[in-house]
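Letter by letter, the chains look like this.
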Amino acid sequence: MCNHGLACRSDTPKTTEDRTTGNATSGQVEPILLRLKDAQVISGFSPLNDFLRETQAIFENFVEAKHEKEKNKFYTEGYDRLQKMNSLIIGE
């Protein structure tokens with residue numbers, strides 16, 4: 001059972017290696033962007049807000065990228081940051 005937030009669906013890749021190039025879409029990133037924005041609103045902790053803004057910018061770059069190689073780079077970077085955040089939260 002998932003109770004910690006960001007990437008909790010059973011079909012979500014566990015590592016960036018599990019994600020094949022080009023299978024993420026802008027529509028799949030929109031919920032992530034919304035949650036990052038929501039987290040900034042409720043967080044009063046400046047270092048966390050900086051991290052959230054930086055991660056949000058990476059996913060916005062993914063949405064705007066034109067080439068598959070760029071999209072993969074941004075998605076992988078953003079996903080790795082979310083996994084790092086998740087690990088810190090749940091203590092892994």
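Data block above holds the structure.
Throughout what follows, the structure given in this document is the object of discussion. Counting restarts for each chain: residues are numbered from 1 in the order of the written sequence. Under the rules for a predicted model, residues below a pLDDT of 70 receive no local features and side-chain atom pairs below 80 are neither given nor counted, while totals for whole chains, interfaces and linings still include all residues. Processing note: side-chain calculations cover all non-hydrogen atoms of the structure and skip hydrogens and water entirely.

Considering the pattern of salt bridges
For side chains bearing opposite charge, pairing can occur when the charged atoms are close.
For step 1, the next point in the chain: Within this document, salt bridges are pairs made up of a side-chain nitrogen of Lys or Arg and a carboxyl oxygen of Asp or Glu, the two lying within 4 Å of each other. Going through the model one piece at a time under the given rule, you end up with two salt bridges.
For step 2, the next point in the chain: The shortest N-O distance in the salt bridge between D50 and R53 comes to 2.5 Å. Linking D50 with R53, this pair stays in helix α2 (residues 46–64), spanning three residues, or about one helical turn.
For step 3, the next point in the chain: Buried means the residue's accessible area, taken with a 1.4 Å probe over protein chains only, is under 20% of the maximum for its type, while exposed means over 50%, and partly exposed covers the values in between. Judged by relative accessible area, which is 31%, D50 ranks as partly exposed.
For step 4, the next point in the chain: Of the residues examined, R53 reaches a relative accessible area of 43% and is grouped as partly exposed.
For step 5, the next point in the chain: The partner of E54 in a salt bridge is R81, and the shortest N-O contact between them spans 3.0 Å. With E54 in helix α2 and R81 in helix α3 (residues 68–90), the pair connects residues that are 27 residues apart, well separated along the chain. Secondary structure elements are taken from DSSP: a helix is a run of H or I of four residues or more, a strand is a run of E of two residues or more, and numbering for both begins at the N terminus.

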